[in-house]
Amino acid sequence: MISSFSVHDPEGPDADHGDDPPDVTDPAEPQSHPEAVETAQEADADDEVAEAEARAEAARVRVERLRQAAEPDTVSGDAAKSTRKRPGWLRRPKRPRWFHRPGRKTVAAGSGIVLTVASLGATGYMLWQHHAGVHKRQLAAEFSAAARQGITAFMSIDPDHAKDSVQRMIDASTGDQKNQLSVLSLLIVNKAEQTKVGSKVSVEAVAVQSLSDDSGVVLVAAKTAPFGPDDAKPPPALFRMSVTMDRDDGQLKMSKVEFLP
């Protein structure tokens, strides 16, 4: 088996050369040059940089558009909120067509009416307060006079006219006090006639403690001056009393007399 063979021309120009094979170059194989390779690499790098810059510019444009679209919401958040749709049950009902805002004249007239009504109300309140004060003063004067007369009748007695004095006590009283005086009237008359001792009363001071239209409490300070036989009459004395007054058939009368210490 023949693996290789060589044809040697003994007469060729290279017949005298040695056994080293000659350099063989394939004309179809491209030959590479260092300068061409560097130029291609620089072109590829420039293309990549240009592409990156284009992408960055596109991204910047998109960001700018998004910022401009979002700017109105940041500036006027209330307006943006107002444009959002609310659920039907939260929406403000529409104003009816027949409703119109009042004009300035209407508002002025309404304000004048309100001020007039307020003024009339204040005047009415002042008149009511004045009337209430006058009525209270009248009641106080009425209660004071009735208590003064009642205590004078209650503590005064004339032994020569004992029955009449006791009857005045009863007439100035009402309720339980009237009933008690009626029961004790005969005893009081007999004692006055037997001792011949009587008393005169002078009211020193009267003050209304509380009152209403038909009842009240009056504080009374009264001084008694007994008269009669010197060996039987007691010394003068000053009494302080709390007198309860009630209206009986339109007339104020004593219903209770308490002696204060």
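Details of the structure are given in the entry above.
Enquirer: Outline the pairing of strand S1 (residues 198-211), supporting the account with residue identities and numerical values.
Expert: As paired strands, S1 and strand S2 (residues 215-227) are joined by 12 bridges and run antiparallel to one another. Bridge pairing in S2 places Ser210 opposite Val217.

Enquirer: Summarise the nonpolar core; cite the residues concerned and give the values.
Expert: If you look at the biggest cluster of nonpolar residues, it comprises 28 residues, and the most contacted ones within it are Ile151, Val220, Met241, Val243, Met245, Met254 and Val257. Contributing elements (two or more residues each) for this core: helix H3 (104-155), helix H4 (162-171), helix H5 (175-195), S1, S2, strand S3 (237-248) and strand S4 (251-260). Among the elements that take part in this core, H3 stands out by supplying eight residues, more than any other. Here Met245 is in contact with Phe143, Ala146, Ala147, Asp214, Ser215, Gly216, Val218, Leu252, Lys253, Met254 and Ser255, once residues within four sequence places are set aside.

Enquirer: Could you give me a rundown of the layout of surface pockets, with the residues and numbers involved?
Expert: Within this model, the largest pocket holds a volume of roughly 740 Å³. If you go around the largest pocket, you meet 24 residues; those closest to its centre are Phe154, Met155, Ile157, Met169 and Ile188. Within the residue set of the lining of the largest pocket, elements represented by two or more residues are H3, H5, S1, S2 and S4. Per-element tally for the lining of the largest pocket: the top contributor is H5, with nine residues. Taken together, the residues of the lining of the largest pocket break down into 14 nonpolar, seven polar and three charged.

Enquirer: Tell me about the packing of aromatic side chains, and please be specific about residues and values.
Expert: Under the defined criterion, the tally for this structure stands at one aromatic pair. An angle of 70° between the planes, with centres 5.8 Å apart, marks the rings of Phe239 and Phe259 as edge-to-face. A residue pair is termed long-range when its members are at least 10 positions apart, and Phe239 in strand S3 and Phe259 in strand S4 qualify at 20 residues. A relative accessible area of 29% places Phe239 in the partly exposed class. One Lys or Arg, Lys200, reaches over the ring of Phe227 and ends 5.9 Å from the middle of that ring.

About the cut-offs
- Residues numbered from 1 in each chain as written.
- Predicted model: local features only at pLDDT ≥ 70, side-chain atom pairs only at ≥ 80, totals over all residues.
- Heavy atoms only, no water.
- Pairing = 2+ DSSP bridges.
- Helix = DSSP H or I, 4+ residues; strand = E, 2+ residues; numbered from the N terminus.
- Core = buried A, V, L, I, M, F, W, Y, C linked by side-chain atoms within 4.5 Å.
- Buried < 20%, exposed > 50% of the residue type's maximum accessible area, 1.4 Å probe, protein only.
- Contact = heavy atoms within 4.5 Å.
- 1 Å grid on protein atoms, 1.4 Å probe; cavity = no way out; pocket = protein on both sides within 12 Å on 5 of 7 lines; lining within 4 Å.
- Points joined across faces, edges and corners; volume = space filled by probe spheres on them.
- Nonpolar A, V, L, I, M, F, W, Y, C, P; charged D, E, K, R; others polar.
- Phe/Tyr/Trp six-rings, centres within 6.5 Å; stacked < 30°, edge-to-face > 60°.
- Lys NZ or Arg CZ within 6 Å of the ring centre and 35° of its normal.

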